[in-house]
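Coordinate analysis (summary)
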Amino acid sequence: MGKIKLADISTTAPKKADKEKLKAATKEILLELDELQNLLYAEHKHSVLMVIQGMDASGKDGVIKNVTGTLNPQGCTVHSFKTPTKEESDHDFLWRVHQQTPGKGMIQVFNRSHYEDILIQRVHKWIDDKMAYKRMDAINDFEKLLAVHGNTQILKFYLHVSREAQQQRLIERTEDPRKMWKYNEQDLEEAKLWDKYMSAYEDALNNCNYIPWMVIPADQNWYKEYLIAVTLRDTLKSLKMKYPRLKK
């Protein structure tokens, strides 16, 4: 796979994509996921970690609600990583992350993730480039550990939103009463650092690639949700899972 250059990747669906057909297809995929999740939980051999990264207003919450929201909550959990607590800061940066990884039969969703430790921290110069690359090596080793020794299927999605779409969505949060609860003044300040974030993301996508990333066009919710739903479904189907049988 060649080096990822975000400026060369579209943030919108292909012109030939049929919105209504793909929305209908997504509904059918969600029905399939219900059975596949049951199989995952019952067989108890594999786990799934979905990493969802993207700029503010790229639609991370919407993906979680509309793609994984219909799954059985006994077998699917979501975790967001906030500012580290004192106890977390006293350990290595992956310590708190490892505690949230999925056990056998489980689907775990990271709404933002360990990648924040080489994104926001790097953009704001809380760590230097040398430390950022050391952390990238650690992330590759960490994900290899989960995949090889934990039998974890890791799906990494970067929600690729355009600067224009992000600005529009941030403005909507100041004008639409249904979205005002999402408003955070800091988001507007972070948006001013767009170019720095794009550079940091490209480095993460290109260097933390033991588990490859999927760059998901995120300007249109229906297309973004379809791509993520179909990827999750196909991943689960590829495991060739079977329900356990009673021993006779």
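Overview of the structure. This is a predicted model, so every value here is computed, not measured.

**Remarks on the overall build of the protein**
Across its full length, the protein carries 10 helices and 5 strands. Its C-alpha atoms give the protein a radius of gyration of 19 Å, near enough to 18 Å, the size a compact globule of 248 residues would have. In terms of overall dimensions, the protein has C-alpha extents of about 65 × 45 × 40 Å along its principal axes. For the protein, buried positions account for 49% of its 248 residues. Across the protein, every contact between residues at least 6 apart in sequence was considered, and the portion connecting residues at least 24 apart equals 82%. With an accessible surface of roughly 13800 Å², the protein has 51% of that area assigned to carbon and sulfur atoms. Here the protein holds 39 positive side-chain charges and 35 negative ones, and the gap between their average locations is 5 Å.

**Overview of the packing of helix 2 (residues 60-68) against helix 10 (residues 221-238)**
Where helix 2 contacts helix 10, the two axes come as close as 10 Å, and the packing angle between them is 55°. The pairing of helix 2 with helix 10 is recorded here as oblique in orientation. Of the two elements, helix 2 crosses helix 10, and the hand of that crossing is right-handed. Each of G62, V63, N66 and V67 in helix 2 lies in contact with helix 10, whose residues at this interface are K224, E225, I228 and A229. Its residues assigned to classes, the contact of helix 2 with helix 10 comprises 4 nonpolar, 2 polar and 2 charged.

**Some remarks on the nonpolar core**
Counting residues in hydrophobic clusters, the biggest one holds 67 residues, and the most contacted among them are M50, Y115, Y158 and L236. Filtering out sequence-adjacent residues up to four positions away, M50 remains in contact with T68, I107, Q108, V109, F110, L155, F157, I228 and L232.

**A word on helix 2**
By the burial criterion, the buried members of helix 2 are K60, V63, I64, V67 and T68. The buried residues of helix 2 occupy one face: seen down the axis, they fall within an arc of 95°. Looking at the buried side of helix 2, the elements it contacts are helix 1 (19-43), strand 1 (47-54), strand 2 (76-80), strand 3 (107-111), strand 4 (152-160) and helix 10.

**Some words on the packing of aromatic side chains**
Using the criterion set out here, one finds 4 aromatic pairs in the structure. Here the aromatic rings of W222 and Y223 are separated by 5.9 Å at their centres, their planes lie at 65°, and the arrangement is edge-to-face. Per residue, the accessibility class of W222 equals that of Y223, and both read buried. One residue, R122, lies across the ring of Y133, its end atom 5.0 Å from the ring centre. The ring of F93 has R135 lying over it, and the distance from NZ or CZ to the ring centre is 4.8 Å.

**Points about the pairing of strand 3**
Summarising burial for strand 3: 5 of the 5 residues are buried, a large majority. Side chains of strand 3 alternate between two faces, with I107, V109 and N111 and Q108 and F110 buried alike. For strand 1 and strand 3, the ladder comprises 5 bridges, and the chain directions are parallel. What sits directly across from M50, in strand 3, is V109. The pairing of strand 2 with strand 3 spans 5 bridges and is classified as parallel. Bridge pairing in strand 3 places V78 opposite V109.

Basis of the calculations
Residues numbered from 1 in each chain as written. Predicted model: local features only at pLDDT ≥ 70, side-chain atom pairs only at ≥ 80, totals over all residues. Heavy atoms only, no water. Helix = DSSP H or I, 4+ residues; strand = E, 2+ residues; numbered from the N terminus. Rg over C-alpha atoms; globule rule 2.2 N^0.38 Å. Buried < 20%, exposed > 50% of the residue type's maximum accessible area, 1.4 Å probe, protein only. Contact = heavy atoms within 4.5 Å. Areas by Shrake-Rupley, 256 points an atom, 1.4 Å probe, with all protein chains shown as cover. Lys, Arg positive; Asp, Glu negative; His and termini not counted. Charge placed at Lys NZ, Arg CZ, Asp CG, Glu CD. Axes fitted to C-alpha atoms, helices over the stretch in contact; angles between N-to-C directions. Parallel < 35°, antiparallel > 145°, perpendicular 65-115°, else oblique. Left-handed = near helix turned anticlockwise from the far one by under 90°. Nonpolar A, V, L, I, M, F, W, Y, C, P; charged D, E, K, R; others polar. Core = buried A, V, L, I, M, F, W, Y, C linked by side-chain atoms within 4.5 Å. Arc of directions from axis to C-beta. Phe/Tyr/Trp six-rings, centres within 6.5 Å; stacked < 30°, edge-to-face > 60°. Lys NZ or Arg CZ within 6 Å of the ring centre and 35° of its normal. Pairing = 2+ DSSP bridges.

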